[in-house]
Amino acid sequence: MLMMGTKKLKVCTLIATAIWVIVVSSFWLNTVQCQDLGGNGRVEDPSVQGVAQIVDNLFNLSLIINTEISKRSNFCIKDPIADWNNAFNFSSNLDFLTSCVKKYPEDVTQRFCSVAEVKAYFNSFFGGSGNVKYMKVKPNKNCNSTSTSWLRGCEPGWACSLDPNGQFDLLDLQKIPSRANNCDACCEGFFCPQGLACMIPCPLGSYCPLATLNMTTGTCDPYNYQLPPGQRCGGANLWADVGSSPEMFCSAGSYCPTTIQNRTCDSGHYCQMGSTSEKRCFRLTACNPNTANQNMHAYGIMLVAATSTLLLIIYNCSDQVLAARERRLAKAREAAARSARGTEKAHQRWKAAKDAAIKHARGLQTHLSHTFSRRNPSKHHEKLKILDQTDAEIDYDIYKNTLYTSTSIESQPSSETSKGRQMEPGDLMKPLDDIEEDPKNHEAFNLEIGVTKVGKHMPRGKKIRTHSQIFKYAYGRLEKEKALQQENKNLTFSGLVSLATNPQIRERPLIEVSFKDLTVTLKANGKHLLRNVTGKFEPGRITAVMGPSGAGKTTFISALAGKAMGCKMTGSILINGKHESIHSYKKIIGFVPQDDIVHGNLTVEENLWFNAKCRLSAALSKPDKVLIVERVIESLGLQMVRDSLVGTVEKRGISGGQRKRVNVGLEMVMEPSLLILDEPTSGLDSASSLLLLRALRHEACEGVNVSMVVHQPSYALFQMFDDLVLLAKGGLTVYHGSAKEAEEYFGSLGINVPERVNPPDYFIDILEGIAEPSTSSGVDHKELPIRWMHHNGYPVPPDMQQIANRLAIPAVGVDPEHGTNLSGAEERSFSGELWQDVRQNMEFYWDKIRYNFLKFKDLSNRRTPGVFHQYRYFLGRVTKQRIREAKLQAVDYLILLLAGACLGSLQTMTDQNFGSVSYGHTIIAVSLLSQIAALRTFSLDKLQYSRESSSGMNSLAYFLAKDTVDHFNTVIKPVVYLSMFYFFTNPRSTFTDNYVVLLSLVYCVTGIAYVLSVFFQPGPAQLWSVLLPVVLTLVATQTNQGAILKKISNLCYPKWALEAFVVANAERYHGVWLITRCGVLKKSGYDLHAWTRCILLLIYAGLVSRGIAFLGMITLKRK
């Protein structure tokens, strides 16, 4: 309960005096305006005529003091005129004044308090015992406690008249006039403080009847003060805050149209404490007679039902729309596939018919030539031979060239024509050529033939827009490619030459990666992870990197890809023979990590399609992008699971092998020029591995440089590799060259692979020391790196010179920088090891920060979609993911609903503090629940984001899309919570005010949750989300704060939210609540004008925290 004492209420004297000058002048002004009128409560008394001039002076002075109030007391008075009208505008009913004038017709005006007396009254709040109920005004000349006699008018509820012979000025701030005449009880509608002996009008919303003596307690009811024996009870004695003088307030369930009337609230209406009129209850609410608040639970239930229905419609309809769209696309895709297969079969039939016609025409030509020219057919046959090919083979190869170039064979007419000239074969076959070029009169088959560059495939003429047209285009192309691949198996020499020289064959930018003396060393302890590796990866070839565990295979490819963190790299890496950073080509480089980093709540096709949209060239048309995705799905054998969710740990989806292929397909759909894979076949069976290698072989045939770490491949897979890099433990090269020549090289060293043993398995067993070479070879597995250096003329490190001397190999061109291996460094103390770990972590994070902020010149010549387009793509993806998490969202809303119901039913919105306690609990509950839910936005996708951002996708588009989708929760969650809390507590502030504050609060704490999810792991982030709202709210609500704690609380978001809640509620308290409002706001340090400022601060905090989260996200990418 708030007490208007020294420690409870601290309102400055000047402010209080200014308030009461306005009170007195307003009252007097109303008195003068009504004094000459008779009837209807208006009085006509000549005794009041002499105060007209005084009232005019008071009113003029009140205008000046209004300005002072606006400067010094605006923290609790927003509109002075409106507040005073709500408190002291008695023009509607002056019954209380009429009765007072009738009671004291001669000296009624002389009983009113002057400004000096009002000042003395408010000064009393800063002294005494601190209990306002029994506090006395400081001694004055009228009520001096040291005098021999105590005026009866000095008792509570009593007043005296001025000395008729004295001169007085009601506006005098210092001089208290002399009062000793006609002491009597205070009038109804006025209150007379103890020790002043004068009357002050009660504000609107109060009830100030005459007191009656309670014979049992001896107090004057309802004010509970006691008088000396023999003195009757007077009127009201005190107006203060509701905690100190609740008796003066119009009781709850009643309303007081004037300060002397108290009426019970009728049925269908409700009357809150301090009401001047009854308010009609809303429909569907229960309002019995004498009701203080309307029961609005029905509206809360209706709002919950409406919100739930809306959410169900949104989620179900969205899910149904997505499902219907997927079914429609599946039907269009199946129809296009059937059409493409049918078209290709028809094409093959026409081709077979043409071949038969060509054969028949050639036989007829030979017969006519033999008959009419009488030449030797064998000579003519010899002239048509080219490199042991007959004329039939040549003509067939020329026809196949038309398949690649999509052009008809034009006949060569002779310069002379005669009636009996010989018909050329081209003339005979031209009708068949025309039919073959358009077997369906250009209606259902408008596709080019051959594997040409994708940017040149689009049929010219009518545009492809519908899904059916796009799928027909894509599957038609796929069927043609299949047929062409089948034909390529049996290509003749001339056909191979035609295929190789075809200018329309798809070309990708070629990337050759060469490296010399590549050494990777840990910065912390100097341990070598890779040593003196030299070689190159060429485009159009598949290179396998193999070796035992600890050989540095992953470190090797990570160093080539520019992803080695916390390490020192020496040597050189050249891109196409130039010293350029590999990051300059990241848009055309694909890196497949060892872990399957894919989005589990998306389907296989959605994962691939999203990568294709964001990473392929922006100039590429949608049909060509669809073609690329369909080609990858076809080559990886994912047709049967294309519409299945990939799955997560909690929810099972596709199999592990299929997931691994999706992981590879994410990089294949962007058509890379360099494709680096880290153990792509691990966890796959032999059939799946072979299928994957065939897809990679197809990429290599298009000029892609494929490099992959492989762990114990089968012999069939090993035969598909072009080159092999074999590493020994310590990162030393054992072999780097053609995979087919590896056995020959090791055989030259005396290491022969036994029969029925897989060569790569045997090589790794040798390097592990599991298998020993034959004793006749005299080779130890530790000598193999030295022998490879000697074989290629590479320098031998000094620390390996002992082995080289044993083999009689000279140390040519020793590089001292690489000469020492510190893997076996001397023992360190505990503090040394601790410092080493700290230093290693610091260097690792510094490398990450430096790498993430470095800018590299883009040399890939590929313009990917910009920020806006990627934002659209990310927005669509995140929306799908959230729709599929509808159950999780529903649980969040249900918990928030229960929290609102529990706090609304258990907490009471008290008038003494304007509900600050209930609002404080609301801030804790909403902040905690909203933060924990918002942690999922970024904490669950850290690995996926790291992979996508390192491949060139825009981080800002990713962040904005996530935040945009979270705005839906930001808008809905306040409605869900208030649907219970607001209608259970029924505060005086409007639903809109509470909603805006909660909306800003949820926006703020969501940004804070982003920061926690980015900088912490999920476990610690959840603990911080629980701890922060509780601690910050406790700090913000402390009343006895020191200077430092006060500064800290001013920076806490709960203080801004709580101030906005309390201010919005306090603004609806006026009239008799004026002192209570000023006391609560002054005690809490709140300002009635600060509502907008608090809302803006919450939004600003949300924006700043989002900025910090974004910087942390791009800085601390998880590798």
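Before any of the text, the structure's been laid out above.
The model shown is predicted, which means the values in this text are computed figures rather than measured ones.

Trainee: Can you tell me about the overall build of the chain, naming the residues and giving the values?
Mentor: Per the secondary structure count, the chain includes 34 helices and 19 strands. Here the chain holds 1119 residues, and 51% of them are scored as buried. As displayed, the chain has an accessible area near 51800 Å², and 56% of this comes from carbon and sulfur atoms.

Trainee: Provide a residue-level description of the sheet that holds strand E16 (residues 674–678), including the pertinent values.
Mentor: Pairing in this open sheet of six strands is mixed, and the strands run E15-E16-E17-E13-E18-E19 from one edge to the other. Two strands lie at the open edges of the sheet, namely strand E15 (589–592) and strand E19 (732–738), each paired on one side alone. For this sheet, the mean angle separating the axes of adjacent strands, direction not counted, is 10°. Across four bridges, the pairing between E15 and E16 is parallel. Opposite valine 592, over in E16, you have leucine 677 as the bridge partner. Against the sheet, helix H15 (residues 656–668) makes contact with E15 and E16, and its axis sits at roughly 170° relative to E15, the strand it touches most.

Trainee: Explain unusual backbone geometry to me, using residue names and the numbers behind them.
Mentor: The step from aspartate 221 to proline 222 runs through a cis peptide bond, and the omega angle for that step is 5°. Among the structural elements, proline 222 can be located in the loop between strand E6 (220–221) and strand E7 (254–255). One non-glycine residue, glutamate 679, lies in the positive phi region at around 50°. On the secondary structure map, glutamate 679 appears in the loop between E16 and helix H16 (686–701). Positive phi is not limited to glycine here, since phenylalanine 914 has a value of about 60°. With respect to the element layout, phenylalanine 914 can be found in the loop between helix H24 (886–906) and helix H25 (916–934). On the accessibility criterion, phenylalanine 914 (0% relative accessible area) is buried.

Trainee: Talk me through the state of the cysteines; I want residue IDs and the actual numbers.
Mentor: The full count for this structure, using the stated rule, is nine disulfides. Paired by a disulfide, cysteine 160 and cysteine 183 hold their sulfur atoms 1.8 Å apart. Every disulfide takes its handedness from the sign of the S-S torsion; for cysteine 160 and cysteine 183 that torsion is 105°, giving right-handed. On the criterion of sequence distance, the pair formed by cysteine 160 in strand E1 (residues 158–162) and cysteine 183 in strand E2 (residues 179–185) is long-range, its members being 23 residues apart. Paired through a disulfide, cysteine 250 and cysteine 256 show a sulfur-sulfur distance of 2.2 Å. Between cysteine 250 and cysteine 256 the sulfur-sulfur dihedral comes to about 90°; the bridge is accordingly right-handed. Here cysteine 250 falls in the buried class, since its relative accessible area comes to 0%. You can call cysteine 256 buried: its relative accessible area is 1%.

Trainee: Give me the nonpolar core: which residues, what numbers.
Mentor: As a rule of thumb, nonpolar side chains are buried together in soluble globular proteins. Formed by 113 residues in total, the largest nonpolar core has its most connected members in Met199, Tyr977 and Leu1081. In contact with leucine 1081, other than residues within four places in its own chain, are Phe75, Cys76, Val1062, Val1063, Ala1066, Tyr1086 and Leu1088.

Trainee: For the sheet that holds strand E11 (residues 513–522), give the residues involved together with the corresponding values.
Mentor: Taken together, three strands build an open sheet; the order of strands is E12-E11-E14 and the sheet is antiparallel. Each end of this open sheet is capped by a strand with a single partner; those strands are strand E12 (528–537) and strand E14 (567–575). For this sheet, the mean angle separating the axes of adjacent strands, direction not counted, is 5°. In this structure, E11 lies alongside E14, joined through eight bridges in antiparallel fashion. Paired with lysine 516 across the bridge in E14 is serine 572.

Trainee: Give me the lowdown on the environment of arginine 327, citing residues and values where you can.
Mentor: When you line up the elements, arginine 327 lands in helix H6 (residues 297–373). Take arginine 327: its relative accessible area is 48%, and that puts it in the partly exposed class. Placed 316 residues apart in sequence, arginine 327 and aspartate 643 show a C-alpha to C-alpha distance of 9.6 Å.

Trainee: Which residues make up the pattern of salt bridges, and what values go with them?
Mentor: Following the criterion strictly, the structure yields 27 salt bridges and no others. For lysine 880, the salt bridge is made with glutamate 606, and the minimal N-O distance between the two is 3.5 Å. Within this pair, whereas lysine 880 is found in helix H23 (residues 867–884), its partner glutamate 606 is found in helix H13 (residues 604–615), the two being separated by 274 residues in sequence. According to the relative accessible area criterion, lysine 880 is partly exposed, its value standing at 22%. Accessibility expressed as a relative area gives 11% for glutamate 606, which makes it buried. Between glutamate 606 and arginine 884 there is a salt bridge whose closest N-O contact spans 2.7 Å. Of this pair, glutamate 606 sits in helix H13 while arginine 884 sits in helix H23, and the two are 278 residues apart along the sequence. Here the residues in one salt-bridge network are Lys78, Asp993, Glu1067 and Arg1068, joined through shared partners.

Trainee: Provide a residue-level description of the side chain of glutamine 272, including the pertinent values.
Mentor: Residue position: glutamine 272 is located in the loop between strand E9 (269–270) and strand E10 (279–280). Residue classification places glutamine 272 among the buried residues on the basis of a relative accessible area of 11%.

Trainee: Can you explain the packing of aromatic side chains? Please cite residues and give values.
Mentor: One pass over the full model with this rule turns up 31 aromatic pairs. A centroid spacing of 5.2 Å and a plane angle of 15° characterise the contact between phenylalanine 938 and phenylalanine 959, whose relative ring orientation is stacked. Residue phenylalanine 938 is located in helix H26 (residues 936–939), and its partner phenylalanine 959 is located in helix H28 (residues 955–985); the two are separated by 21 residues in the primary sequence. Seen from their ring centres, phenylalanine 938 and tyrosine 1010 are 4.9 Å apart, and the 90° between their planes marks the pair as edge-to-face.

Trainee: Can you lay out the packing of helix H29 (residues 991–1015) against helix H34 (residues 1091–1115) for me, pointing to particular residues and giving the numbers?
Mentor: Direction vectors running N to C along H29 and H34 enclose 20°, while the axes themselves pass 8 Å from each other. If you check the angle between H29 and H34, you find them roughly parallel. Every pair of crossing elements has a handedness; the one defined by H29 and H34 is left-handed. Among the residues making up the contact of H29 with H34, the classes are represented as 19 nonpolar, six polar and two charged.

Trainee: Before we move on, could you go through the packing of helix H32 (residues 1053–1066) against H34 and cite the residues and values that matter?
Mentor: Where H32 meets H34, the closest approach of the two axes is 9 Å, and the angle between their N-to-C directions is 150°. As the angle between them shows, H32 and H34 are arranged roughly antiparallel. Crossing hand, H32 versus H34: left-handed. For the pair H32 and H34, contact is made by Tyr1053, Trp1056, Ala1057, Glu1059, Ala1060, Val1063 and Ala1064 and by Trp1091, Arg1093, Cys1094, Ile1095, Leu1097, Leu1098 and Ala1101, respectively.

Trainee: Please give an account of H29 that cites residues and values.
Mentor: Its 25 residues give H29 an end-to-end C-alpha distance of 36 Å, which sits within 8% of 36 Å, the value for a rise of 1.5 Å per residue. Taken across its 25 residues, H29 has 20 buried, putting it largely inside the fold.

Trainee: Give me the lowdown on a nonpolar patch on the surface, citing residues and values where you can.
Mentor: Taken together, the side chains of Phe1015, Phe1016, Trp1024, Leu1027, Val1030, Val1031, Leu1034, Tyr1100, Val1104 and Ile1108 present a nonpolar region at the surface, about 870 Å² in accessible area. Elements with a contribution of two residues or more to the nonpolar patch: helix H30 (1018–1036) and H34. Structurally, isoleucine 1108 can be placed in helix H34.

Trainee: With reference to specific residues and values, describe the side chain of arginine 179.
Mentor: Looking at where arginine 179 falls in the secondary structure, it is placed in strand E2. Using a relative accessible area of 1% as the deciding quantity, one classes arginine 179 as buried. A polar contact of 2.6 Å, which involves the side chain of arginine 179, links it to the backbone oxygen of glutamine 110. Polar contacts involving the side chain of arginine 179 include one to the main-chain carbonyl oxygen of phenylalanine 112, which spans 2.6 Å.

Trainee: Give me the lowdown on a positive patch on the surface, citing residues and values where you can.
Mentor: A surface patch of like charges, here positive, comprises Arg338, Arg341, Lys345 and Arg349. Checked against the element boundaries, lysine 345 lands in helix H6.

Trainee: Describe in detail the environment of glycine 540, supporting the description with residues and values.
Mentor: When you line up the elements, glycine 540 lands in the loop between E12 and strand E13 (542–546). You can call glycine 540 partly exposed: its relative accessible area is 26%. Along the primary structure glycine 540 and isoleucine 511 are separated by 29 residues, whereas in three dimensions their C-alpha atoms are 9.5 Å apart. Excluding residues within four positions of it along the chain, glycine 540 makes contact with Arg697, Ala700, Gly703, Val704, Asn705 and Asp722.

Trainee: Can you explain the environment of valine 878? Please cite residues and give values.
Mentor: One can find valine 878 in helix H23. Setting aside its immediate chain neighbours within four residues, valine 878 contacts Lys962 and Val965.

Definitions and limits used
- Residues numbered from 1 in each chain as written.
- Predicted model: local features only at pLDDT ≥ 70, side-chain atom pairs only at ≥ 80, totals over all residues.
- Heavy atoms only, no water.
- Helix = DSSP H or I, 4+ residues; strand = E, 2+ residues; numbered from the N terminus.
- Buried < 20%, exposed > 50% of the residue type's maximum accessible area, 1.4 Å probe, protein only.
- Areas by Shrake-Rupley, 256 points an atom, 1.4 Å probe, with all protein chains shown as cover.
- Pairing = 2+ DSSP bridges.
- Axes fitted to C-alpha atoms, helices over the stretch in contact; angles between N-to-C directions.
- Contact = heavy atoms within 4.5 Å.
- Disulfide = S-S within 2.5 Å.
- Core = buried A, V, L, I, M, F, W, Y, C linked by side-chain atoms within 4.5 Å.
- Salt bridge = Lys/Arg side-chain N within 4 Å of Asp/Glu carboxyl O.
- Phe/Tyr/Trp six-rings, centres within 6.5 Å; stacked < 30°, edge-to-face > 60°.
- Parallel < 35°, antiparallel > 145°, perpendicular 65-115°, else oblique.
- Left-handed = near helix turned anticlockwise from the far one by under 90°.
- Nonpolar A, V, L, I, M, F, W, Y, C, P; charged D, E, K, R; others polar.
- Expected span 1.5 Å × (residues − 1).
- Patch = residues over 30% accessible without salt bridge, like charges linked within 9 Å, V, L, I, M, F, W, Y side chains within 5 Å.
- Polar contact = N/O pair within 3.5 Å; in protein donor to acceptor, adjacent residues only side chain to side chain.
- Lys, Arg positive; Asp, Glu negative; His and termini not counted.
- Charge placed at Lys NZ, Arg CZ, Asp CG, Glu CD.

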